[in-house]
Every structure is written in C-alpha cells, then in structure tokens.
Amino acid sequence: MPLASVATAHGHRLADLVARYDGRAPRYTSYPTALQFTPAVDEAVYRAWLAALPADDPVSLYVHVPFCARLCWYCGCNTRAVNRHQPIGEYVRLLLMEMERLGQAIGRRLPARSIHLGGGTPNMLSARDMTAIFDGLSQVFDLAPDLEVAAELDPATLSRDWVRAAARHSLNRASLGVQNLDPTVQAAVNRRETFEEIAAATGWLRDAGVRSINFDLMYGLPHQTTANTLETIDAAVTLRPERIALFGYAHVPWMKAHQQLIDEAALPGPAARLDQAEAAAERLARSGYVRIGLDHFAREDDEMVRAMSEGRLHRNFQGYTTDEASTLLGLGASAIGRLPQGYVQNVAQELGWRVAVQTEQLPVARGVALTDDDRLRGEIIERLMCDLEVDLEAVCGRHGARVSDLATAIARLAPFIADGLATLEGARLSVVGDGRLVVRSICACFDVYFAADVTRHSKAL
C-alpha cells in the first residue's frame, strides 16, 4: 500500500477510535481511585494502620513540596508560586514535626529503601532544607545503604549547586519537566525554557552521579502539533535520558482554576492529540526506547524494561515504578500513602495541612479501606495497565475468588473484543493492537465504582 494510503488509513482508524471511545476514564494510579476516598479514614484509622505495619517490611517514602518559582498553566498538581524562601522554610519546619509524629504512631524504626521528592518543584528547597529533611527522615526510619532517592525538577530553575547538594543526600534518580520545546506552545502555558537549559541540567546531574534521568513530555497542549512534538523528541533523545514519560494534557479548568488562562480554541482536538501521541511513540521506538504500559518509555537496558518483562512492574501515584514496597508513606500537603489496609491522603490545601500539623495531629483528610474485592480488581487493573494482559483465573485464585465473580466486567469487554482492541482466550485477557490507546477504558470494565458521566476524570484519549 502506498505511504499516502497508509497515512489515510491510519487517520481513519484514529478518527474511528475517537468516535467510539473518547469518553472519560481514571488514570488508575490507584484502585479504588481518589474519587472513592472519604473522611471515614481519619487520623485514628491511620494510626491503627501504622501501628500494625510489619517491623521488617521495607517502606517507601514520598515527600510533597508544594512550591514553584512559576505557575505553569497546564499543571494539575497541588502547588503554588512563591518568590521568597520564608514560606518554604516554615513548611520544612512543619514537615519535620509531621515526620516525628509519624514515627511516634509507628512506634518503631522501619527500614526505608526509597524516597521520592515530588511537587511542585523540589529544587525550590535550599541545601539547608534538604539536610533538615533527610536528617529528619533518618531519625524516624532506617535508611538503606543503597537508598533510592528521586526528585522531580524544573530545569529552568535548577542550579549546579543544588544538584551537588542533593547528591550529598544520595540523589540517584531525577525527572526533568521538558513538556514541549516550541516557543509558541511554551508561551501559551507560561513555561519558557530552552533546550540549552535542559542540556545543562542533564549534564550537572550526570556529573553528580545521578544514574537515571527521566524527561516528562506532553501532548495535547495549546498550539501543539505533531511536527513540534516530534521536533521536541528529536532534541530530547540526543541527551539520552534513561526514561521518557509522555503525558496527555488534561484540561480540567473546573478543578484547576489557573487552567482557565489557557485558550481552549488553541487546544488540539481528540484526533490531533491521538496523532501526536502515536507519532511520538513511533519516533521513540525508532530511537531505541521500549514502550512501557500506557505512557512511559525506557532504554532497552533500563530496570523498568526488565521489570516489565518479568511481570513485576507496578503503578502508583508517581506513575509506573519498579518499587515493590507494599507500603508507601506520604508526607506533606496532599500527599497520598498506600498501606496494606488501604489508601490515606493528607489535607490537600497547604494552609489546612499547616493548621493540622500545628495542632499536633497527623494531617489526614480522607482515604479508603480496601475490601477483598478491591484487592482483586486492583490487581487485575494494575496488570492490565502494566503488562497489557492478565490471567484472570490466576489472579482470582490468589484472592479466593472465581472468574465467574467477574461476569459483569467480562460482559462489558464485548465492544473492545468486537473492535479488535482486546482478546479473551479462556481466562487470559490481552490488550492488542490499538487497544493500548484505550487501556484505561478497558480497565474501567472491572471498576465497580466507575461512572462514565463523571467529569472529574480526564479524557480517555
């Protein structure tokens, strides 16, 4: 078939997918999703869960830093722009209080193997702030000698001195927000940075011994096209990051007021978004990156590729991960934790979190306790999101259930199977072909809480 005909056929296929499946679906970084969190999981519940944690089971730690030097209009994170250090220093002081209280609730020193600094922009922290945070964590947890320390960074505000300071605290993974390098796109979302700034940041991290660097890229931004998406990728891969995350912009101005500053007329439509995503995936594959799940890519020798091939890839609120800890403890405003008993989230608004900490509370706002059925469906959804296939009989066996218990979910798969997006051979469900593009909607078939008309979820395509 001539190339022009292939392109036309591809365009028709994308248009057909959009027409059939461009609804809304959760991103499934947890199951149940955060929409099911309620105040029923309060401080007392959290304290009981913490006290019951196994003494020898390593935990992972997440520290949320809700500050940025600039507010990117596309951002869906819990953060605010500040131009002075005083509120950051005060926030760190309260973080130390939360850490101490967390340690008291646990009642013993648990081993910790990983720390993730998220935000916001963790490189807003000063060297003194970082020392205080890591010293505070070491007072509560036994930090492993091979501790994994990761941070989300803004390359336009990063400095060599900050990288060197972070390296003294074992920083070995970093994620740089790149998004898109086209100046028109950057101006439309209030995020201006140059390739030279990103290259410099990458060099500083390499020089400091950071072994794994991820670039966050986006599609679906205002004025973004397939052409400038590919130009960004071609520039980014010259720096050879170990991983690349390719996220679709979620326009939810009713949830994030600053997104109202974005010109909706400049946003690409669903078919254009999908074309950007697929063209980017193809270019990354040709550049030597392996596609991971829905939206991640990694070099062939990366640990994430090995984890995927061995069926031990996981998904949490930071995205795809090789972290196998059964407990993730969150610190800071809006931080979410996962314990064997369920999920828990801190007060989302920074002011409310500050008040809770100052009144000697664990600043818990809400959460959800897991049922046996939640654990069953959660494993199915995670395996679909990570592996694009799942043995339903094997998963049911691990949870004392039967495949027949999933009859309603299996019936919902019929349109995806009929359209060649999924196959069900015996009890083995596989996402095939273009089904990867709608895997979140396939997962939603197993979600007993999902309501297709809930606008708080992002678009599935």
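Definitions and limits used
- Residues numbered from 1 in each chain as written.
- Predicted model: local features only at pLDDT ≥ 70, side-chain atom pairs only at ≥ 80, totals over all residues.
- Heavy atoms only, no water.
- Salt bridge = Lys/Arg side-chain N within 4 Å of Asp/Glu carboxyl O.
- Helix = DSSP H or I, 4+ residues; strand = E, 2+ residues; numbered from the N terminus.
- Buried < 20%, exposed > 50% of the residue type's maximum accessible area, 1.4 Å probe, protein only.
- Expected span 1.5 Å × (residues − 1).
- Contact = heavy atoms within 4.5 Å.
- Pairing = 2+ DSSP bridges.
- Axes fitted to C-alpha atoms, helices over the stretch in contact; angles between N-to-C directions.
- Core = buried A, V, L, I, M, F, W, Y, C linked by side-chain atoms within 4.5 Å.
- 1 Å grid on protein atoms, 1.4 Å probe; cavity = no way out; pocket = protein on both sides within 12 Å on 5 of 7 lines; lining within 4 Å.
- Points joined across faces, edges and corners; volume = space filled by probe spheres on them.
- Nonpolar A, V, L, I, M, F, W, Y, C, P; charged D, E, K, R; others polar.
- Parallel < 35°, antiparallel > 145°, perpendicular 65-115°, else oblique.
- Phe/Tyr/Trp six-rings, centres within 6.5 Å; stacked < 30°, edge-to-face > 60°.

A. Inspection of the pattern of salt bridges at higher detail. Applying the stated criterion to the full structure yields 28 salt bridges. Taking the shortest distance from any N to any O, the salt bridge between E379 and R398 comes out at 2.5 Å. In this pair, E379 is assigned in helix α12 (residues 372-387) and R398 in helix α13 (residues 392-398), connecting sequence segments 19 residues apart. According to the relative accessible area criterion, E379 is buried, its value standing at 18%. Put simply, R70, D154, R191 and E193 are held in one network by salt bridges that share partners.

B. Just helix α9 (residues 270-286), in detail. Compared with the 24 Å implied by 1.5 Å per residue over 17 residues, the 25 Å span of α9 between its first and last C-alpha is a close match. For α9, every residue scored as buried is listed here: R273, L274, Q276, A277, E278, A279, A280, A281, R283 and L284. Looking one or two residues past α9, G288 carries a phi angle of roughly 95 degrees, positive in sign.

C. Layout of the environment of H223. Tracing the backbone through its elements, the reader meets H223 in the loop between β7 (212-219) and α8 (226-236). In this structure, the C-alpha to C-alpha distance between H223 and G426, residues 203 residues apart in sequence, is 46 Å. If near-sequence neighbours (up to four positions away) are discounted, H223 is found in contact with T184, V185, A188, N228 and A266.

D. Representation of the side chain of H258 within the structure. By the element assignment, H258 lies in the loop between β8 (243-248) and α9. Looking at H258, the relative accessible area reads 17%, which means it is buried. Filtering out sequence-adjacent residues up to four positions away, H258 remains in contact with L71, C72, W73 and C75.

E. Structural detail: the sheet that holds strand β17 (residues 389-391). Read across the open sheet, the three strands follow the order β17-β19-β18; overall the sheet is antiparallel. Each edge of the open sheet is held by one strand with a lone partner, namely β17 and β18 (422-425). The mean angle between the axes of side-by-side strands here comes to 10 degrees, regardless of whether they run parallel or antiparallel. As defined by bridge partners, β18 adjoins strand β19 (residues 428-431) across four bridges and the pair is classed as antiparallel. The residue of β19 that forms the bridge with E425 is R428. Along the sheet face, α12 touches β17 and β19 and points at about 140 degrees away from the line of β17.

F. View of the nonpolar core. In this structure, L50, F141, W162 and L329 are the most contacted members of the largest nonpolar core, which totals 78 residues. Top element by residues in this core is helix α3 (residues 86-106). It accounts for nine residues. If near-sequence neighbours (up to four positions away) are discounted, L50 is found in contact with L102, A105, I106, R108, L329, L339 and L362. If you look at the next biggest cluster of nonpolar residues, it comprises 41 residues, including L17, M304, C386 and V390.

G. Region of interest: the layout of surface pockets. Its boundaries defined by the atoms lining it, the second largest pocket holds a volume of some 630 Å³. Lining the second largest pocket are 28 residues, and of these H314, R315, R338, Y343 and E382 lie nearest its centre. Among the secondary structure elements, those contributing two or more residues to the lining of the second largest pocket are β11 (314-316), β14 (336-339) and α12. Among the elements that make up the lining of the second largest pocket, the one with the highest residue count is α12 (seven residues). For the lining of the second largest pocket, a count of residues per class yields eight nonpolar, 11 polar and nine charged.

H. Here's a closer look at the packing of α3 against helix α4 (residues 127-140). One can describe the packing of α3 onto α4 by two numbers: an axis separation of 9 Å at closest approach and a directional angle of 5 degrees. Looking at the two axes, α3 sits roughly parallel to α4. In this structure, α3 contributes I88, G89, V92, L95, L96, M99, E100 and G103 to the contact, and α4 contributes D129, A132, I133, G136, L137 and V140. Residue composition of the contact of α3 with α4, grouped by class: nine nonpolar, three polar and two charged.

I. Local environment of the packing of aromatic side chains. In total, this model carries five aromatic pairs according to the counting rule given. Both rings, one in F67 and one in Y91, keep their centres 5.2 Å apart while their planes meet at 90 degrees; by these two values the pair is edge-to-face. Remark: Y91 occurs in helix α3 and F67 occurs in strand β2 (residues 67-68); sequence separation between them is 24 residues. You can call F67 buried: its relative accessible area is 0%.

J. Highlighting the pairing of strand β9 (residues 289-292). By the bridge criterion, four bridges tie β9 to strand β10 (residues 296-299) in an arrangement that is antiparallel. Opposite R291, over in β10, you have F297 as the bridge partner. Counting the residues that bridge the hairpin from β9 to β10 gives three residues, and of these G293 lies at a positive phi of roughly 55 degrees.

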